[in-house]
Amino acid sequence: RHCCSHHRYAAGVLTSNERTRAALDLLTKLGADTQRFWTTHFVDPVRDILAELYGAPRPSIDTATAAASRKSLHRALEEFVREVFSGSEDETEAAAVQAAAGSMEVINTVFEAEARRPLNGLLRGQLPRAMLLQIQHLKVLLEEQVEYADQMLKRNDFSLQLMAVVPALLLGSGLLY
């Protein structure tokens, strides 16, 4: 009998130790979760809001590079039109002015004509040059889209950071009152 009661007592001590260990684990996890919540929903957003208000923006693309690409394309388009366009002097000048503003009309017309005879256009015509200009045009369009996305993200970033802070403020004010 003494032996069995001793085992029951030892089992009770182990159960008590297990409960203590489980309670400590729960408190540790609760502390880590509270710290993660506080950091995610208050510290990081407030830091980002302050950086947004007082810091310099971090664009994905250098706007000067995008502007240089655009100007380079416009110069190349104007040069292409002046060399390739077949029309009167006034028509050529008008087409060159449009090309300098970014119009791809003449390049598309030349591309369509040259693509009808691809080998001739490739070897003796303006097809490779027209294709390179179209690729450069796509590059400029892509850079413009990245600039636009940067602007949209910048406009929305502040709102998103404020939305991230709201749960922490609500929880904090609920705990204080």
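Residues numbered from 1 in each chain as written. Predicted model: local features only at pLDDT ≥ 70, side-chain atom pairs only at ≥ 80, totals over all residues. Heavy atoms only, no water.

Details of the confidence of the model for the protein chain
When the pLDDT values of the protein chain are averaged, the result is 82; 89% of them are 70 or greater. Mean pLDDT per element in the protein chain: helix 1 (residues 2-54) is the minimum at 76, and helix 2 (residues 63-84) is the maximum at 89. (pLDDT = per-residue confidence, 0-100. Helix = DSSP H or I, 4+ residues; strand = E, 2+ residues; numbered from the N terminus.)

What about the nonpolar core?
The biggest cluster of nonpolar side chains holds 14 residues, and the ones touching the most others in it are L73, L77, F80, V81, V106, I107 and L133. Taken together, the elements giving at least two residues each to this core come down to helix 2, helix 3 (89-100), helix 4 (105-116) and helix 6 (127-176). Sorting elements by how many residues they give to this core places helix 2 first, with 4 residues. For L77, the contacting residues outside a window of four places in its chain are A99, G102, S103, M104, I107 and L133. (Core = buried A, V, L, I, M, F, W, Y, C linked by side-chain atoms within 4.5 Å. Buried < 20%, exposed > 50% of the residue type's maximum accessible area, 1.4 Å probe, protein only. Contact = heavy atoms within 4.5 Å.)

With respect to the pattern of salt bridges
Evaluated as defined, the whole model comprises 10 salt bridges. D33 serves as the salt-bridge partner of R36, at 2.4 Å between the closest nitrogen and oxygen. Pair noted here: R36 and D33 are both in helix 1, with a separation of 3 residues, about one helical turn. Take D33: its relative accessible area is 26%, and that puts it in the partly exposed class. (Salt bridge = Lys/Arg side-chain N within 4 Å of Asp/Glu carboxyl O.)

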